Amino acid sequence: MATIPNIVILTGAGISAESGIDTFRSAGGLWESYAVEDVATPEAFERDPDLVLGFYDMRREAIQTKTPNAAHMALARLDREWGKDLLIVTQNLDDLHERAGASRVLHMHGEHLSVWCTACDARSRWKETLIERPPCPECGEPALRPDIVWFGEMPYRMDEIFEALHEADLFVSIGTSGAVYPAAGFVRNARELGAATLELNLEPSQGTGWFDEARHGPATQIVSQWVEEMLNPSR
């Protein structure tokens, strides 16, 4: 694989699990405590904004107490040292890729540390709570909501993602369930466009059969091993 120039990496909740961030779909995951329709849809926000804002206030506070793990650090190293095109597309709402040092990162489902003003359409970095309806830093209106793609909404920057997949020679999926679309379909898109495909996951995902190769184990181990192979193929 060391001669492959252009890489697209998709990351999911599994890469942050070893940092103590709850996954959504595993046993004991976040959706066992909260119903999707109560906290993660536009209708929920309209129906009970306090519940939704309180939920995301808790999540925003929690991620700020977590730190990047070895898998995040390995991908940040690959980002720094890989001389060709590389894009990390993450479904995660945390900022652990960036805190590890990665810069070529795209958040397709939004970010906990960002807010969107529904009055002026501005997006702002945000670390505090929203439950008290603070004013927008840009326009002053109390119209902020989490900058999160909820179920039923369109993921961000899809044109950029599909352009990167079109140019990719290797597509790598890390820590994903293979259950959430459109991200779950990226491996098929990549294959149809001629890219090699690799899954790195704790266990086989729902889409494992679509990958040319699959390696299973803790992300901190298998991602670090793969990055080392990519950067030092002769070892």
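Please read all numbers here as calculations on a predicted model, not as lab measurements.

**Observations regarding the UniProt feature "binding site: Zn(2+)" (unreviewed entry) in the protein chain**
Move 1: In the numbering used here, UniProt assigns the "binding site: Zn(2+)" (unreviewed entry) feature to Cys 117, Cys 120, Cys 136 and Cys 139. The greatest C-alpha distance among the annotated residues, which extend across 23 residues, is 8.6 Å, indicating that they converge on a single site.
Move 2: Here Cys 136 shows up in the loop between strand 5 (123-125) and strand 6 (144-148).
Move 3: Look at Cys 136 and you get buried, because its relative accessible area is 4%.
Move 4: Beyond its immediate chain neighbours, meaning those up to four positions away, Cys 136 contacts Cys 117, Cys 120, Glu 141 and Leu 144.
Move 5: Under the relative-accessibility criterion, Cys 139 is labelled partly exposed at 35%.
Move 6: Those residues in contact with Cys 139 that lie beyond four places of it in its chain are Cys 117, Ala 119 and Cys 120.

**Focus: the sheet that holds strand 7 (residues 170-174)**
Move 1: One open sheet holds the six strands; their spatial order is 3-2-1-7-8-9, and the pairing between them is parallel. Only two strands of the sheet have a single neighbouring strand rather than two, namely strand 3 (105-107) and strand 9 (213-216). For this sheet, the mean inter-axis angle between neighbouring strands, taken without regard to orientation, is 15 degrees.
Move 2: As paired elements, strand 7 and strand 8 (residues 196-201) share five bridges and run parallel to each other. Residue pairing in the sheet places Leu 170 in a bridge with Ala 196 of strand 8.

**Looking at the nonpolar core**
Move 1: In terms of nonpolar packing, the biggest core is built from 27 residues, with Ile 9, Leu 75, Leu 78, Val 172, Val 223 and Trp 226 touching the most fellow members.
Move 2: Those elements that place two or more of their residues in this core are strand 1 (7-11), helix 4 (70-81), strand 2 (86-90), strand 7, strand 8 and helix 8 (219-231).
Move 3: Here this core takes seven residues from helix 8, the largest share from any one element.
Move 4: The residues contacting Ile 9, other than those within four sequence positions of it, are Leu 75, Leu 78, Leu 86, Leu 87, Ile 88, Val 89, Val 172, Ile 174 and Trp 226.
Move 5: Judged by nonpolar contacts, the second largest core, of 18 residues, contains Met 108, Ala 168, Phe 186 and Ala 195.

Definitions and cut-offs
Residues numbered from 1 in each chain as written. Predicted model: local features only at pLDDT ≥ 70, side-chain atom pairs only at ≥ 80, totals over all residues. Heavy atoms only, no water. UniProt positions renumbered as here; feature names shortened; annotations may be inferred. Helix = DSSP H or I, 4+ residues; strand = E, 2+ residues; numbered from the N terminus. Buried < 20%, exposed > 50% of the residue type's maximum accessible area, 1.4 Å probe, protein only. Contact = heavy atoms within 4.5 Å. Pairing = 2+ DSSP bridges. Axes fitted to C-alpha atoms, helices over the stretch in contact; angles between N-to-C directions. Core = buried A, V, L, I, M, F, W, Y, C linked by side-chain atoms within 4.5 Å.

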